[in-house]
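Examination of the molecular architecture
Letter by letter, the chains look like this.
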Amino acid sequence: MTARNRRKRLARRLPRHRAWPLTTTEVNESLGELASQIRELRFLNGPGSGTIVLGARWLAPESRNYGRGIHPDSVGFYVDVHPIDAADRAAIRATLKEAALPQLHAWITQGLADAETWRQTHHLHYWRLTDGRLTHADEEM
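Turning to the side chain of histidine 125, a few remarks are in order. Turning to its location among the elements, histidine 125 is positioned in strand β6 (residues 123–130). Separated by 3.4 Å, the side chains of histidine 125 and tryptophan 107 make a polar contact.

Okay, here's the thing in structure tokens:
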């Protein structure tokens, strides 16, 4: 294995006490045809995001005035799966599959159907799990 591939593989590792609550297959199966609308599905490997277990964002095109702007290939939906404690993986996974993934599907569907004004603005949506209770809301970006 080349050093590049080894670094790439190590970059996706989590410490033993951390785990991702979902797999790529579970997210893609839940989204169905909408999976093709996802520009990037990331599995974050940092120290953790507190109570956040799943995140989604809409990256809108920006004005190209004064050298600013976003490449058209970057416009779209992005999904982040946040690491959690490995001991809680089974319970969190069940909650996410039952509630969060259908809500993610609905959020993407609504975003695609919304007016042009929605699509011209960045959006950020988080699912948080606190004391076994899943909440979700749009947040400012």
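Quick look at the packing of aromatic side chains now. Applying the stated criterion to the full structure yields six aromatic pairs. Considering the side-chain rings of tryptophan 20 and phenylalanine 43, the 5.7 Å spacing of their centres and the 75° angle between planes classify their relative orientation as edge-to-face. In this pair, tryptophan 20 is assigned in the loop between β1 (18–19) and α2 (24–31) and phenylalanine 43 in strand β2 (residues 38–43), connecting sequence segments 23 residues apart. When sorted by exposure, tryptophan 20 lands in the same class as phenylalanine 43, which is buried. Summarising the aromatic geometry, the rings of tryptophan 58 and tryptophan 118 are spaced 5.8 Å apart at their centres and angled 35° between planes, so their arrangement reads as tilted. A residue pair is termed long-range when its members are at least 10 positions apart, and tryptophan 58 in strand β3 (residues 52–59) and tryptophan 118 in helix α4 (residues 116–119) qualify at 60 residues.

Next up on the list: the sheet that holds strand β4 (residues 76–81). Across a sheet, paired strands are connected by hydrogen bonds in the backbone, their directions being either parallel or antiparallel. Strand order in the open sheet made by the five strands is β2-β4-β3-β6-β7, with mixed pairing throughout. The two strands at the open ends of the sheet, each matched to only one other strand, are β2 and β7 (133–139). Between one strand axis and the next, the sheet turns by 15° as a mean value, whatever way the strands run. Where β6 meets β7, seven bridges bridge the pair, whose relative direction is antiparallel. The partner of leucine 129 across the bridge, within β7, is leucine 134. Here helix α3 (residues 89–113) sits on the sheet and contacts β2, β3, β4, β6 and β7; the angle it forms with β3, its principal contact strand, is near 10°.

About the cut-offs
Residues numbered from 1 in each chain as written. Predicted model: local features only at pLDDT ≥ 70, side-chain atom pairs only at ≥ 80, totals over all residues. Heavy atoms only, no water. Helix = DSSP H or I, 4+ residues; strand = E, 2+ residues; numbered from the N terminus. Polar contact = N/O pair within 3.5 Å; in protein donor to acceptor, adjacent residues only side chain to side chain. Phe/Tyr/Trp six-rings, centres within 6.5 Å; stacked < 30°, edge-to-face > 60°. Buried < 20%, exposed > 50% of the residue type's maximum accessible area, 1.4 Å probe, protein only. Pairing = 2+ DSSP bridges. Axes fitted to C-alpha atoms, helices over the stretch in contact; angles between N-to-C directions. Contact = heavy atoms within 4.5 Å.

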